[in-house]
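# Report on the structure
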Amino acid sequence: MTVYGNFPGSRPRRLRTNPAMRRMVAETRLDPANLILPAFVREGIDAPVAISAMPGVQQHTLDTLRKAAVDAVSAGVSGIMLYGVPTDEKKDARGTAGTDPDGILQVGLRAVREEVGDDLVVMSDLCLDEYTDHGHCGVLTADGRVDNDATLERYAEMAQVQADAGAHVVGPSGMMDGQVGVTRDALDQAGHEDVSILAYTAKYSSAFYGPFREAVGSSLKGDRKTYQQDPANARESLRELALDLEEGADMVMVKPAGPYLDVLAKVADSVDVPVAAYQVSGEYAMIEAAAEKGWIDRDAAIMESLTGIRRAGAQMILTYWATEVAQRLGRA
(Lines give C-alpha, C1' and ligand atoms only; values in the text may rest on other atoms or scores of the structure.)
Protein backbone atom coordinates (compact mmCIF):
# COMPACT_ATOMS: atom_id res chain seq x y z
CA MET A 1 0.00 0.00 0.00
CA THR A 2 1.28 3.45 -0.88
CA VAL A 3 1.18 5.88 2.04
CA TYR A 4 0.90 9.57 1.17
CA GLY A 5 2.66 11.73 3.75
CA ASN A 6 1.03 11.32 7.14
CA PHE A 7 -2.32 10.22 5.68
CA PRO A 8 -4.43 9.56 7.60
CA GLY A 9 -3.01 12.03 10.08
CA SER A 10 -5.94 11.71 12.47
CA ARG A 11 -6.52 8.19 13.77
CA PRO A 12 -9.41 7.99 16.27
CA ARG A 13 -8.88 4.23 16.47
CA ARG A 14 -5.82 4.87 18.64
CA LEU A 15 -8.24 5.51 21.50
CA ARG A 16 -10.02 2.18 21.01
CA THR A 17 -7.02 -0.15 21.06
CA ASN A 18 -7.77 -2.10 24.26
CA PRO A 19 -10.33 -2.30 27.07
CA ALA A 20 -8.27 -0.17 29.45
CA MET A 21 -7.96 2.59 26.87
CA ARG A 22 -11.66 2.49 26.03
CA ARG A 23 -12.58 2.63 29.70
CA MET A 24 -10.24 5.55 30.32
CA VAL A 25 -11.67 7.75 27.56
CA ALA A 26 -15.32 6.74 27.94
CA GLU A 27 -17.57 9.81 27.83
CA THR A 28 -20.53 8.15 29.55
CA ARG A 29 -20.35 6.02 32.66
CA LEU A 30 -22.96 3.90 34.35
CA ASP A 31 -22.85 3.63 38.10
CA PRO A 32 -25.09 1.70 40.52
CA ALA A 33 -26.11 5.07 41.96
CA ASN A 34 -27.80 5.90 38.62
CA LEU A 35 -30.24 3.00 39.01
CA ILE A 36 -33.71 2.67 40.53
CA LEU A 37 -35.54 -0.64 40.84
CA PRO A 38 -39.29 -0.74 40.07
CA ALA A 39 -40.98 -3.41 42.19
CA PHE A 40 -44.51 -4.82 42.51
CA VAL A 41 -46.05 -5.91 45.80
CA ARG A 42 -49.24 -7.97 45.56
CA GLU A 43 -51.94 -8.43 48.13
CA GLY A 44 -53.21 -11.86 49.12
CA ILE A 45 -50.33 -14.10 48.02
CA ASP A 46 -48.00 -16.20 50.13
CA ALA A 47 -45.39 -16.81 47.43
CA PRO A 48 -44.06 -14.54 44.68
CA VAL A 49 -45.85 -14.73 41.32
CA ALA A 50 -43.81 -14.70 38.13
CA ILE A 51 -44.81 -12.20 35.44
CA SER A 52 -44.91 -14.21 32.24
CA ALA A 53 -44.18 -11.31 29.89
CA MET A 54 -41.23 -10.14 32.00
CA PRO A 55 -38.93 -13.10 32.65
CA GLY A 56 -37.10 -12.69 35.95
CA VAL A 57 -39.58 -10.14 37.35
CA GLN A 58 -42.24 -11.08 39.89
CA GLN A 59 -45.07 -9.77 41.99
CA HIS A 60 -43.65 -9.78 45.51
CA THR A 61 -44.98 -10.84 48.85
CA LEU A 62 -44.03 -8.54 51.69
CA ASP A 63 -41.18 -10.87 52.64
CA THR A 64 -39.71 -11.10 49.14
CA LEU A 65 -40.14 -7.33 48.72
CA ARG A 66 -38.08 -6.80 51.84
CA LYS A 67 -35.38 -9.09 50.44
CA ALA A 68 -35.41 -7.29 47.08
CA ALA A 69 -34.88 -3.99 48.90
CA VAL A 70 -31.98 -5.42 50.91
CA ASP A 71 -30.39 -6.85 47.76
CA ALA A 72 -30.73 -3.48 46.03
CA VAL A 73 -28.99 -1.74 48.92
CA SER A 74 -26.20 -4.30 48.89
CA ALA A 75 -25.66 -3.78 45.17
CA GLY A 76 -25.50 0.00 45.51
CA VAL A 77 -28.81 0.79 43.80
CA SER A 78 -30.08 4.24 44.79
CA GLY A 79 -33.83 3.76 44.90
CA ILE A 80 -36.85 1.51 44.67
CA MET A 81 -40.17 2.53 43.08
CA LEU A 82 -43.11 0.60 44.51
CA TYR A 83 -46.37 -0.36 42.79
CA GLY A 84 -49.23 -1.96 44.67
CA VAL A 85 -51.35 -4.80 43.27
CA PRO A 86 -54.58 -5.12 45.24
CA THR A 87 -56.99 -8.03 45.06
CA ASP A 88 -59.73 -7.58 42.44
CA GLU A 89 -62.45 -7.29 45.07
CA LYS A 90 -60.68 -4.23 46.53
CA LYS A 91 -60.95 -2.32 43.25
CA ASP A 92 -63.72 0.22 42.77
CA ALA A 93 -64.58 3.23 40.63
CA ARG A 94 -62.64 5.68 42.83
CA GLY A 95 -59.64 3.50 43.59
CA THR A 96 -60.18 3.70 47.33
CA ALA A 97 -57.58 0.98 48.05
CA GLY A 98 -55.01 3.51 46.84
CA THR A 99 -55.83 5.90 49.69
CA ASP A 100 -56.47 3.30 52.38
CA PRO A 101 -53.67 3.60 54.98
CA ASP A 102 -53.75 -0.19 55.12
CA GLY A 103 -53.84 -0.62 51.33
CA ILE A 104 -51.19 -2.87 49.83
CA LEU A 105 -48.92 -0.07 48.57
CA GLN A 106 -48.88 1.66 51.95
CA VAL A 107 -48.19 -1.66 53.68
CA GLY A 108 -45.35 -2.28 51.24
CA LEU A 109 -43.89 1.17 51.82
CA ARG A 110 -43.86 0.65 55.57
CA ALA A 111 -42.27 -2.78 55.17
CA VAL A 112 -39.45 -1.47 53.01
CA ARG A 113 -38.76 1.53 55.25
CA GLU A 114 -38.68 -0.77 58.29
CA GLU A 115 -36.21 -3.02 56.49
CA VAL A 116 -33.77 -0.52 54.94
CA GLY A 117 -34.53 2.82 56.57
CA ASP A 118 -32.80 5.60 54.67
CA ASP A 119 -30.26 3.32 52.96
CA LEU A 120 -32.49 3.23 49.89
CA VAL A 121 -34.62 6.05 48.48
CA VAL A 122 -38.13 4.63 48.81
CA MET A 123 -40.43 5.89 46.06
CA SER A 124 -44.12 5.33 45.45
CA ASP A 125 -46.19 5.45 42.29
CA LEU A 126 -48.92 8.03 42.81
CA CYS A 127 -51.71 6.97 40.46
CA LEU A 128 -55.12 5.32 40.67
CA ASP A 129 -54.96 2.85 37.77
CA GLU A 130 -53.92 -0.15 39.86
CA TYR A 131 -56.88 0.40 42.19
CA THR A 132 -59.79 1.28 39.88
CA ASP A 133 -62.15 -1.33 38.50
CA HIS A 134 -62.09 0.47 35.13
CA GLY A 135 -58.29 0.64 35.03
CA HIS A 136 -58.00 4.34 34.27
CA CYS A 137 -55.69 6.68 36.13
CA GLY A 138 -58.49 8.80 37.54
CA VAL A 139 -62.11 9.23 38.46
CA LEU A 140 -64.58 8.91 35.57
CA THR A 141 -67.47 11.18 34.66
CA ALA A 142 -70.94 9.76 33.97
CA ASP A 143 -70.10 9.49 30.28
CA GLY A 144 -66.80 7.66 30.90
CA ARG A 145 -64.26 10.45 30.56
CA VAL A 146 -61.46 10.92 33.07
CA ASP A 147 -62.38 13.90 35.25
CA ASN A 148 -59.13 15.82 35.68
CA ASP A 149 -60.01 17.95 38.70
CA ALA A 150 -61.90 15.27 40.60
CA THR A 151 -58.88 13.04 40.08
CA LEU A 152 -56.58 15.70 41.54
CA GLU A 153 -58.52 15.52 44.80
CA ARG A 154 -57.83 11.79 44.95
CA TYR A 155 -54.15 12.35 44.17
CA ALA A 156 -53.90 14.76 47.10
CA GLU A 157 -55.21 12.03 49.40
CA MET A 158 -52.80 9.49 47.91
CA ALA A 159 -49.83 11.78 48.44
CA GLN A 160 -50.63 12.14 52.12
CA VAL A 161 -51.09 8.44 52.86
CA GLN A 162 -48.00 7.45 50.89
CA ALA A 163 -45.89 9.99 52.75
CA ASP A 164 -47.40 8.87 56.05
CA ALA A 165 -46.39 5.31 55.13
CA GLY A 166 -42.77 6.32 54.67
CA ALA A 167 -42.21 7.30 51.04
CA HIS A 168 -39.19 9.54 50.57
CA VAL A 169 -40.42 10.39 47.06
CA VAL A 170 -43.84 10.29 45.43
CA GLY A 171 -44.21 9.97 41.67
CA PRO A 172 -47.45 11.42 40.27
CA SER A 173 -47.78 9.45 37.04
CA GLY A 174 -51.36 9.92 35.83
CA MET A 175 -50.63 12.90 33.52
CA MET A 176 -53.44 14.98 34.99
CA ASP A 177 -53.08 18.72 34.47
CA GLY A 178 -51.98 20.30 37.75
CA GLN A 179 -51.00 17.03 39.45
CA VAL A 180 -47.62 18.24 40.68
CA GLY A 181 -48.96 21.41 42.27
CA VAL A 182 -51.79 19.59 44.01
CA THR A 183 -49.38 16.95 45.28
CA ARG A 184 -46.96 19.56 46.61
CA ASP A 185 -49.71 21.42 48.42
CA ALA A 186 -51.09 18.22 49.93
CA LEU A 187 -47.68 17.12 51.18
CA ASP A 188 -46.89 20.49 52.69
CA GLN A 189 -50.26 20.78 54.40
CA ALA A 190 -49.73 17.34 55.94
CA GLY A 191 -46.32 18.30 57.33
CA HIS A 192 -44.35 16.37 54.69
CA GLU A 193 -42.32 19.27 53.34
CA ASP A 194 -39.26 17.00 53.02
CA VAL A 195 -40.96 14.46 50.75
CA SER A 196 -39.80 14.96 47.18
CA ILE A 197 -41.79 14.80 43.95
CA LEU A 198 -40.54 12.90 40.92
CA ALA A 199 -42.81 14.20 38.19
CA TYR A 200 -43.73 11.90 35.33
CA THR A 201 -43.34 14.91 33.07
CA ALA A 202 -43.41 13.32 29.63
CA LYS A 203 -45.31 10.07 29.93
CA TYR A 204 -46.31 8.88 26.49
CA SER A 205 -49.29 6.77 25.47
CA SER A 206 -47.06 3.88 24.46
CA ALA A 207 -47.39 0.35 23.13
CA PHE A 208 -44.34 -0.51 25.20
CA TYR A 209 -46.35 -0.66 28.43
CA GLY A 210 -47.98 -3.96 27.49
CA PRO A 211 -46.26 -6.31 29.96
CA PHE A 212 -46.77 -3.81 32.79
CA ARG A 213 -50.53 -4.37 32.54
CA GLU A 214 -49.97 -7.97 33.61
CA ALA A 215 -47.56 -6.88 36.33
CA VAL A 216 -50.16 -4.69 38.07
CA GLY A 217 -53.22 -6.78 37.18
CA SER A 218 -54.70 -3.90 35.21
CA SER A 219 -58.45 -3.79 34.58
CA LEU A 220 -58.10 -1.30 31.72
CA LYS A 221 -60.35 -1.49 28.70
CA GLY A 222 -59.48 0.92 25.93
CA ASP A 223 -56.54 3.33 26.12
CA ARG A 224 -55.23 6.43 27.88
CA LYS A 225 -54.71 8.67 24.87
CA THR A 226 -56.81 11.52 26.26
CA TYR A 227 -54.33 12.12 29.07
CA GLN A 228 -51.00 10.48 28.28
CA GLN A 229 -48.85 12.29 25.74
CA ASP A 230 -49.09 11.66 21.99
CA PRO A 231 -45.98 9.83 20.68
CA ALA A 232 -45.93 12.19 17.70
CA ASN A 233 -45.14 15.21 19.88
CA ALA A 234 -41.83 16.42 21.29
CA ARG A 235 -42.29 20.17 21.86
CA GLU A 236 -45.34 19.38 23.98
CA SER A 237 -43.06 17.66 26.48
CA LEU A 238 -41.24 20.95 27.08
CA ARG A 239 -44.55 22.63 27.86
CA GLU A 240 -45.32 19.86 30.36
CA LEU A 241 -41.83 20.30 31.76
CA ALA A 242 -42.27 24.04 32.33
CA LEU A 243 -45.57 23.46 34.12
CA ASP A 244 -44.17 20.72 36.37
CA LEU A 245 -41.23 22.87 37.40
CA GLU A 246 -43.49 25.85 38.06
CA GLU A 247 -45.67 23.63 40.25
CA GLY A 248 -42.74 22.44 42.35
CA ALA A 249 -41.32 19.23 40.85
CA ASP A 250 -38.01 18.27 42.45
CA MET A 251 -37.11 15.79 39.71
CA VAL A 252 -38.59 15.11 36.27
CA MET A 253 -38.92 11.98 34.14
CA VAL A 254 -39.41 10.80 30.58
CA LYS A 255 -41.27 7.51 30.06
CA PRO A 256 -40.62 5.29 28.11
CA ALA A 257 -36.88 5.79 27.72
CA GLY A 258 -35.50 4.03 24.64
CA PRO A 259 -38.05 5.18 22.03
CA TYR A 260 -37.90 8.76 23.35
CA LEU A 261 -34.19 9.47 23.69
CA ASP A 262 -34.64 12.65 21.65
CA VAL A 263 -37.21 13.92 24.14
CA LEU A 264 -34.99 12.88 27.04
CA ALA A 265 -32.09 14.85 25.57
CA LYS A 266 -34.27 17.95 25.11
CA VAL A 267 -35.50 17.74 28.70
CA ALA A 268 -32.01 17.17 30.11
CA ASP A 269 -30.66 20.16 28.19
CA SER A 270 -33.45 22.40 29.48
CA VAL A 271 -33.37 21.96 33.26
CA ASP A 272 -31.20 22.21 36.33
CA VAL A 273 -33.07 19.55 38.32
CA PRO A 274 -32.29 15.82 38.24
CA VAL A 275 -33.68 13.99 35.21
CA ALA A 276 -34.90 10.39 35.23
CA ALA A 277 -35.98 8.00 32.50
CA TYR A 278 -37.99 4.81 32.81
CA GLN A 279 -36.89 1.79 30.79
CA VAL A 280 -40.35 0.29 30.66
CA SER A 281 -41.65 -3.26 30.63
CA GLY A 282 -41.80 -3.58 26.85
CA GLU A 283 -38.19 -2.49 26.48
CA TYR A 284 -37.22 -5.10 29.06
CA ALA A 285 -39.34 -7.82 27.49
CA MET A 286 -37.98 -7.30 23.98
CA ILE A 287 -34.38 -7.75 25.05
CA GLU A 288 -35.18 -10.76 27.21
CA ALA A 289 -37.22 -12.41 24.43
CA ALA A 290 -34.62 -11.82 21.74
CA ALA A 291 -31.86 -13.06 24.02
CA GLU A 292 -33.85 -16.17 24.91
CA LYS A 293 -34.00 -17.01 21.20
CA GLY A 294 -30.26 -16.45 20.85
CA TRP A 295 -30.68 -13.50 18.52
CA ILE A 296 -28.73 -11.01 20.65
CA ASP A 297 -26.15 -11.02 23.42
CA ARG A 298 -28.35 -10.38 26.45
CA ASP A 299 -25.80 -8.80 28.79
CA ALA A 300 -24.28 -6.61 26.11
CA ALA A 301 -27.70 -5.43 24.94
CA ILE A 302 -28.75 -4.54 28.49
CA MET A 303 -25.64 -2.48 29.09
CA GLU A 304 -25.84 -0.79 25.70
CA SER A 305 -29.48 0.16 26.21
CA LEU A 306 -28.78 1.66 29.64
CA THR A 307 -25.68 3.47 28.41
CA GLY A 308 -27.75 5.03 25.63
CA ILE A 309 -30.30 6.30 28.15
CA ARG A 310 -27.54 7.69 30.34
CA ARG A 311 -25.81 9.27 27.34
CA ALA A 312 -29.05 11.03 26.37
CA GLY A 313 -29.02 12.81 29.72
CA ALA A 314 -30.72 10.68 32.37
CA GLN A 315 -29.07 10.90 35.76
CA MET A 316 -31.45 8.25 37.12
CA ILE A 317 -32.76 5.20 35.25
CA LEU A 318 -35.69 3.10 36.40
CA THR A 319 -34.97 -0.38 35.12
CA TYR A 320 -36.02 -3.89 36.08
CA TRP A 321 -32.35 -4.89 35.71
CA ALA A 322 -31.25 -2.38 38.36
CA THR A 323 -29.92 -4.83 40.95
CA GLU A 324 -28.41 -7.20 38.41
CA VAL A 325 -26.62 -4.41 36.57
CA ALA A 326 -25.45 -2.76 39.79
CA GLN A 327 -23.94 -6.07 40.89
CA ARG A 328 -22.21 -6.41 37.53
CA LEU A 329 -20.83 -2.88 37.72
CA GLY A 330 -19.57 -3.56 41.22
CA ARG A 331 -17.57 -6.50 39.92
CA ALA A 332 -16.12 -4.58 36.96
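A brief look at the structure comes next. The structure displayed is predicted, hence computed values, not measured ones.

## What about the overall build of the chain?
Within the chain, the secondary structure is distributed over eleven helices and ten strands. Its C-alpha radius of gyration of 21 Å places the chain within 12% of the 20 Å reference for a compact globule of 332 residues. In terms of overall dimensions, the chain has C-alpha extents of about 80 × 45 × 40 Å along its principal axes. Residues counted as buried form 51% of the 332 residues belonging to the chain.

## What to know about the packing of aromatic side chains
In the structure shown here, the tally under the stated rule is six aromatic pairs. On the numbers, 6.1 Å between centres and 50° between planes, the contact of Y278 with Y320 is tilted. Taken together, the positions of Y278 in strand 9 (residues 275–278) and Y320 in the loop between strand 10 (316–318) and helix 11 (322–331) put the pair 42 residues apart, joining distant regions of the chain. Above the face of the Y209 ring, K255 is positioned so that its terminal group lies 5.4 Å from the ring centre.

## So, unusual backbone geometry
Cis peptide bonds are those with omega within 30 degrees of zero, and the linkage from K255 to P256 qualifies with -5°. Take P256: it is sitting in the loop between strand 8 (251–255) and helix 8 (261–270). Unusually for a residue other than glycine, M175 sits at a positive phi of about 60°. Considering the arrangement of structural elements, one finds M175 in the loop between strand 6 (169–172) and helix 5 (179–189).

## Some details on the packing of helix 10 (residues 298–311) against helix 11
Two elements in contact, helix 10 and helix 11, have axes separated by 12 Å at closest approach and are oriented at 95°. With respect to helix 11, the element helix 10 is oriented roughly perpendicular. Contact residues: R298, D299, I302, M303 and L306 in helix 10; E324, V325, R328 and L329 in helix 11. Residue classes in the contact of helix 10 with helix 11 are distributed as five nonpolar, no polar and four charged.

Each value, and the rule that gives it
- Residues numbered from 1 in each chain as written.
- Predicted model: local features only at pLDDT ≥ 70, side-chain atom pairs only at ≥ 80, totals over all residues.
- Heavy atoms only, no water.
- Helix = DSSP H or I, 4+ residues; strand = E, 2+ residues; numbered from the N terminus.
- Rg over C-alpha atoms; globule rule 2.2 N^0.38 Å.
- Buried < 20%, exposed > 50% of the residue type's maximum accessible area, 1.4 Å probe, protein only.
- Phe/Tyr/Trp six-rings, centres within 6.5 Å; stacked < 30°, edge-to-face > 60°.
- Lys NZ or Arg CZ within 6 Å of the ring centre and 35° of its normal.
- Axes fitted to C-alpha atoms, helices over the stretch in contact; angles between N-to-C directions.
- Parallel < 35°, antiparallel > 145°, perpendicular 65-115°, else oblique.
- Contact = heavy atoms within 4.5 Å.
- Nonpolar A, V, L, I, M, F, W, Y, C, P; charged D, E, K, R; others polar.

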